[in-house]
Each structure stands twice: as structure tokens, then as C-alpha cells.
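Summary of structural features
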Amino acid sequence: MSDTILIWGAGAIGGVIGAVLAREGHAVHMVDIVEDHVAAMRDGLRIEGPVEDFVQPLMASTPETLTGQFDRIILAVKAHHTEAALDMALPHLAPGGYVVSAQNGLNERTIAARIGSERVLGCFVNFGADWLEPGRILYGNRAAIAVGELDGQITPRAREIHALLSLVEPDAVLTENIWGYLWGKLGYGALLFATALTPLSMSDALDRPDHRPVYEALGHEVMRLAAAEGISPLGFNGFDPEAFRRADRAGMAKSLDRMVAHNRKTAKTHSGIWRDLAVRKRKTEVDAQMAIMLDIARPHGLEMPVLARMVELIRDIETGRRAQSPDLLDELSPLCA
Ligand SMILES: NC(=O)C1=CN([C@@H]2O[C@H](COP(=O)(O)OP(=O)(O)OC[C@H]3O[C@@H](n4cnc5c(N)ncnc54)[C@H](OP(=O)(O)O)[C@@H]3O)[C@@H](O)[C@H]2O)C=CC1
Ligand SMILES: CC(C)(CO)C(=O)C(=O)O
């Protein structure tokens, strides 16, 4: 057992969190499958950009070389890598230890199914970061972070993780409604996936008047599903879940304007989804984050036609059948009447 915090997946999000915690004097051990990145982090992980600029030498291992057991694991792999990462990470979780998911999506469900919900702490992150190359991460902007127990209780360990994440984001929230934040981010995320159908920056794409009905329809479909699931989604960084649930045109317009303003200020101009498609040329989290909602909607008898078509278009880009283009958003428009 150890007081050391294990960061599992030391890319954009895990890298920023781990480097800041280590700089602030906490014992941190980074784990990542990218060997060059692990070697570079031992020499010093550079966090750069408008928010922070520093180099932090870190303890770092690949999963194969890691030894020992740890009480706290912060998981920050892409959502579709969660199961595989848990296979590797759980042998290193001490009895009584817990996992914090610093990811997009409903990964807390996946982790809870493996180790029990009492051993999972929910976390929502919205700051922007990009893994640039081994040992270098762009920290693009400050944005909302929230942490909370899955059952809403305010426990000592939730306070402890909140205190740690407050070192990254001083306005980090300790919440009794982490599912509200996670579903809010699914709504925000659906809009980001739509922006990634195009080569445009998030703010330029969200600002286009001709595509606003697509964003409105996507936000509405996701927030309506959240309501059917009994969730009260929470807003952040311009996203107003209630406006989208009610399909309130004026409210949605104001919310989109605020999201544009928020994203105009980040050095990470494009979403992680865009980056996976255009730069990393790899699969996105579309199945783990977006398609999963189609399954959740079915028992409620809810249709999500715009989301379903968007998922297909993202998959088409992933497989090279289509190229990113504003035309793809035009194709969604007729579904949004
Ligand atoms: N980047 C951002 O701005 C934001 C991201 N998020 C969310 O945070 C989560 C993490 O995203 P992000 O940090 O961008 O992703 P990154 O790809 O930058 O970092 C994930 C790292 O984990 C590595 N990895 C993959 N599988 C394993 C494994 N089994 N064990 C250990 N390491 C592994 C990856 O390697 P490889 O690259 O080879 O797969 C990569 O280095 C996602 O759910 C994302 O949606 C949320 C808010 C903002
Ligand atoms: C853009 C961001 C940082 C949310 O603001 C994000 O979640 C992503 O890149 O997927």
C-alpha cells in the first residue's frame, strides 16, 4: 500500500493533473503505455501554453514495469480504453482503494461494474489539453472540474480528491450531483462531436448560424434522454442543459453564444475528437461516449435520429469513407426540423 497517487493514462488530462499535483508536493506515479512518453516524463514532463509553463520530473512506468499497490488511481485514458486499462490497473489497486475517473463519458458505470460503485469516485473535467509529443502537453485553458461520490454523499475521500483537484483548478466543485455534470458533459460533448465533422475550430463551427439547428437538436436529444434517466444535468462554461431540454430557442442561442465565447479563449482550438480524426488519425470515443446513448434511449422508447446519424458520420471519417467538411453538418440539417 502507498500514499502515492497513481495516474493511469498520462496523456493530455492525466499529464496535466499529475504534473500539477507533483509540483505541489504530492507523491505521484504516472503510468502510460507509450514508452517514449514514460521515459520523457522521468526526465521532465513539460506543461506549456497560456495557463502554465513548467517542467516536472515524474516517477513514471509502463503498465508492465509497474510494481506495488496503491490506494488512489486517477484513470485518464480515452473512454474506449477503460476496460483494457482496468485489466492492467486493478491488480495495483489496494484492498479498500478506489478509482477516480477523470474522463468524458459514463466510465464510472464501467468501473463500478468491475469493482463496485463504492470504490469509484466520479469526476468531470472540461479544461482543454493536447498531448503534443513524448514529454510535452499543451494546457489550453482553465475550465470546470467537479468531483463527487456516485451516490451523492460528501465523504472524507471526496473532500480529499476535491482538495487535490483544486490545485489544478481553484474553482473545482465538490458536488452531490456528479451524474448531473457527467450528463451535462455528454450534451456538451455531442455538440463537440458535431464540430469535429468539420475542419473548423470549435468556436467557428458553433458560431455558424446555418448549423445552429443541428447543435440545438443534438443538445435537445441528449438532455431529453438525461431527463428520462432521472438525471438533473448541470451547466458549465456556457452550456445550459435546461435550455436544450426545453428546446428553448432563445435560451439555446444564448448558451451557444456563451460556448463560442468560452472556446474563443482556449489555446486548444479544436476538440479532442477533431484531434483524433485530423491529427492522430485514430478512432474517437464516439462509440463509448455517443453510441452508448442510443442503447440507453431504447428502453425509454426515445428516438435520437440526429445523434444516430452523427455517430455514423464520425465512424465514416474514422474509416476514411468521408472527409471532415461542413457539408456533413449540412447533411444533418434536414433531420433537425
Ligand atoms: N484532452 C482534453 O482536453 C479533454 C479530455 N477529456 C477526456 O479525458 C479522457 C482522457 O483524454 P486525453 O487525456 O485527451 O487522452 P490522451 O490520448 O491524451 O491520453 C491518454 C493516454 O493514455 C494512454 N493509454 C491508453 N491505454 C492505456 C492503458 N491501458 N494503460 C495506460 N495508458 C494507456 C494513451 O496512449 P495512446 O495514445 O497510445 O492510446 C495516452 O497516452 C478522455 O475521456 C477525454 O474525452 C475531458 C476533457 C478535456
Ligand atoms: C474541448 C474539451 C476540452 C471540452 O471543452 C473536450 O472535452 C475535448 O477536447 O473533448
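Residues numbered from 1 in each chain as written. Chains lettered and ligands numbered in written order. Predicted model: local features only at pLDDT ≥ 70, side-chain atom pairs only at ≥ 80, totals over all residues.

Time to look at the site of ligand 2. Around ligand 2, a shell composed of Asn104, Asn126, Gly128, Ala143, Leu192, Ser271, Gly272 and Ile273 is seen. The class makeup of the residues in the shell around ligand 2 is 3 nonpolar, 5 polar and no charged. Lining the shell around ligand 2 are residues from two domains, each supplying at least three of them: domain 1 (5–176) and domain 2 (180–336). (Near = placed C-beta within 6 Å. Nonpolar A, V, L, I, M, F, W, Y, C, P; charged D, E, K, R; others polar. Domains from an automatic or database assignment.)

In the vicinity of ligand 1 there are 30 residues, among which Gly9, Gly11, Ala12, Gln103 and Asn104 approach most closely. Class assignment for the residues of the shell around ligand 1 results in 16 nonpolar, 10 polar and 4 charged. In terms of domain composition, the shell around ligand 1 takes at least three residues from each of domain 1 (5–176) and domain 2 (180–336).

All right, on to unusual backbone geometry then. In this structure, Ala247 is a non-glycine residue whose phi angle is positive, near 55 degrees. Mapped onto the fold, Ala247 is located in the loop between α9 (241–246) and α10 (249–264). In this model, Lys281 sits at a positive phi of 50 degrees, which is unusual for a non-glycine residue. Residue placement: Lys281 occurs in the loop between α11 (272–278) and α12 (286–297). For Lys281, a count of 9 C-beta atoms within 10 Å puts it in the exposed group. (Helix = DSSP H or I, 4+ residues; strand = E, 2+ residues; numbered from the N terminus. Buried ≥ 20, exposed ≤ 12 C-beta atoms within 10 Å, placed from the backbone.)

On to the environment of Asp204, then. Looking at where Asp204 falls in the secondary structure, it is placed in helix α7 (residues 202–207). As a C-alpha pair, Asp204 and Pro233 span 29 residues in sequence and 26 Å in three-dimensional space.

Quick look at the UniProt feature "domain: Ketopantoate reductase N-terminal" (unreviewed entry) in the chain now. Within the UniProt annotation, "domain: Ketopantoate reductase N-terminal" (unreviewed entry) is assigned to residues 5–151. End C-alpha to end C-alpha, residues 5–151 measures 23 Å, and it is 26% helix and 39% strand. (UniProt positions renumbered as here; feature names shortened; annotations may be inferred.)

Let us now look at the packing of helix α3 (residues 82–89) against helix α4 (residues 107–115). Where α3 contacts α4, the axes come no closer than 10 Å and their chain directions differ by 40 degrees. As the angle between them shows, α3 and α4 are arranged oblique. The element α3 and its partner α4 pack so that their crossing is right-handed. Across the interface between the two elements, Thr82, Glu83 and Leu86 from α3 touch Asn107, Thr110, Ile111 and Arg114 from α4. (Axes fitted to C-alpha atoms, helices over the stretch in contact; angles between N-to-C directions. Parallel < 35°, antiparallel > 145°, perpendicular 65-115°, else oblique. Left-handed = near helix turned anticlockwise from the far one by under 90°. Contact = placed C-beta atoms within 7 Å.)

Per the UniProt record, "domain: Ketopantoate reductase C-terminal" (unreviewed entry) is annotated on residues 178–318. In this annotation, residues 178–318 is assigned 68% helix and 0% strand; the end-to-end C-alpha distance for the span is 31 Å.

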